Amino acid sequence: MTPAPAVPAGTLITVAPTGAETAKADVPALPVSVEEIVAAARSCEAVGASVVHLHVRDGQARPTLDLGHVGELVAAVREATALVVQLSSGGAVTDPLPERVAVLEAAPDAASLTLGTVNFGDDVFSNPWGLIVELHTQMQARGIVPEYEVFDLGQLATLARLLDRHGLPHGGHVHVDLVMGVPGGMPGTTAALAACVAEVRSTLPAGTTFAATGVGRTSLPVMLAALSAGGHLRVGMEDTLTYAPGEPVRDNTQLVARAAGLAQIAQRPPLTPDQARTLLGIAPAGGAGTGTTPSPTDTGGAP
Ligand code: KMH
Ligand code: ZN
């Protein structure tokens with residue numbers, strides 16, 4: 001009989017506090033300035049986040065890939081927290097592809113890397129093969145750990161092809177984030193998550209881990225399904241602006257606290273930032289974090 005895949009002993013919780021697609025004017029609680037994003041990151045770290053997924057805004061709260069702004073935010077979050085700093089290479093749907101690659105010059109710990117073009121509401125989120133290879137190989141060269149963003153099942157086949165042709169990412173560990181419920185991508189359902197997990201287990205390297213993100217009203221069902229399947233979690237105001245029917249999200253901390261509570265109930269408590277670094281193959285931060293608890297996985301073979 002085939003043994004059941006090992007379940008990670010803890011849960012990596014990523015907070016995506018801002019995104020690039022929501023206007024501050026529409027959602028005043030959205031953190032957009034350096035001070036607001038740093039405050040959100042600190043608060044989310046205190047309730048269980050170990051990774052922060054960053055999009056950057058300019059002085060008018062517009063999304064920007066300007067390297068001065070990007071570098072300033074990366075430095076400020078590093079200064080104030082021990083969180084793993086993961087920059088978005090997805091940017092906004094309107095961003096030119098070369099500028100999305102150039103953000104790697106800000107030398108984050110990690111960066112997102114989307115595995116294919118997808119309709120994104122009325123827009124198109126463009127991720128041609130050439131861009132995917134460029135991001136993957138530049139991250140290898142720069143020592144940046146990718147988080148592979150998957151919006152549809154077929155993008156997992158693209159990831160398998162990418163790894164086959166261009167090798168493992170920096171650090172040697174493969175970590176996937178299933179982004180579910182985007183209008184144009186896969187639905188945020190247990191069935192879709194189960195299909196992706198089966199694909200991850202059968203086509204990607206042993207030890208590959210996954211997180212899941214349910215956009216909008218799929219946030220809760222995706223979170224519960226991911227926990228039950230041994231997955232990790234991403235939450236935040238980039239993805240979810242309504243906490244419950246008729247109730248706007250108060251702040252990112254509210255979303256991370258809910259995710260951390262569910263992870264506790266699942267008996268897979270939130271990982272510390274140091275544990276997240278161990279899991280993802282990222283070098284320890286210079287003196288930041290506590291790192292006093294045991295290894296985050298029981299075997300390293302989780303799903
Ligand atoms: N803003 C979305 C079109 C990422 O950060 O890598 C894409 C996105 C993905 O947010
Ligand atoms: Zn993003």
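Quick notes on the rules
- Residues numbered from 1 in each chain as written.
- Chains lettered and ligands numbered in written order.
- Predicted model: local features only at pLDDT ≥ 70, side-chain atom pairs only at ≥ 80, totals over all residues.
- Heavy atoms only, no water.
- Donors = N, O, S within 2.8 Å, 3.2 Å for Na, K, Ca; no water.
- Helix = DSSP H or I, 4+ residues; strand = E, 2+ residues; numbered from the N terminus.
- Buried < 20%, exposed > 50% of the residue type's maximum accessible area, 1.4 Å probe, protein only.
- Phe/Tyr/Trp six-rings, centres within 6.5 Å; stacked < 30°, edge-to-face > 60°.
- Pairing = 2+ DSSP bridges.
- Axes fitted to C-alpha atoms, helices over the stretch in contact; angles between N-to-C directions.
- Contact = heavy atoms within 4.5 Å.

Asks: Lay out the coordination of the zinc ion (ligand 2) with the relevant residues and their values.
Replies: Every protein donor of the zinc ion (ligand 2) is listed here as His53 (NE2), His55 (NE2) and Glu238 (OE), and their distances to the metal cover 2.1 Å. Between consecutive donors of the zinc ion (ligand 2), the numbers of intervening residues give the motif H-x1-H-x182-E. With histidine 53 in strand S2 (residues 51-54) and glutamate 238 in the loop between strand S10 (232-235) and strand S11 (242-244), the pair connects residues that are 185 residues apart, well separated along the chain. Judged by its relative accessible area of 25%, glutamate 238 falls in the partly exposed class.

Asks: Mind laying out the packing of aromatic side chains, listing which residues take part and the relevant values?
Replies: Inspection of every chain in the model, using the stated rule, returns 3 aromatic pairs. Centre to centre, the rings of phenylalanine 125 and phenylalanine 151 are 5.7 Å apart; their planes meet at 70°, and the pair counts as edge-to-face. Taken together, the residues phenylalanine 125 in strand S6 (residues 123-125) and phenylalanine 151 in the loop between strand S7 (145-150) and helix H5 (154-166) connect sequence positions 26 residues apart. Taken as a pair, phenylalanine 125 and phenylalanine 151 share a single burial class, namely buried.

Asks: Please give an account of the sheet that holds strand S4 (residues 110-114) that cites residues and values.
Replies: Pairing in this closed barrel of 8 strands is parallel, and the strands run S1-S2-S3-S4-S7-S8-S9-S10 around the ring. When the angles between neighbouring strand axes are averaged without regard to direction, this sheet yields 25°. Pairing between strand S1 (residues 13-15) and S10: 3 bridges, direction parallel. Residue pairing for S10: isoleucine 13 is matched across the bridge by leucine 233. Strand contacts of helix H6 (residues 190-203): strand S8 (175-180) and strand S9 (209-214), with the helix running at about 155° to S8, the strand carrying the most contacts. Along the sheet, helix H8 (residues 252-265) makes contact with S1 and S10, crossing S1 at roughly 170°.

Interpretation in functional terms is not warranted from these geometric data alone.
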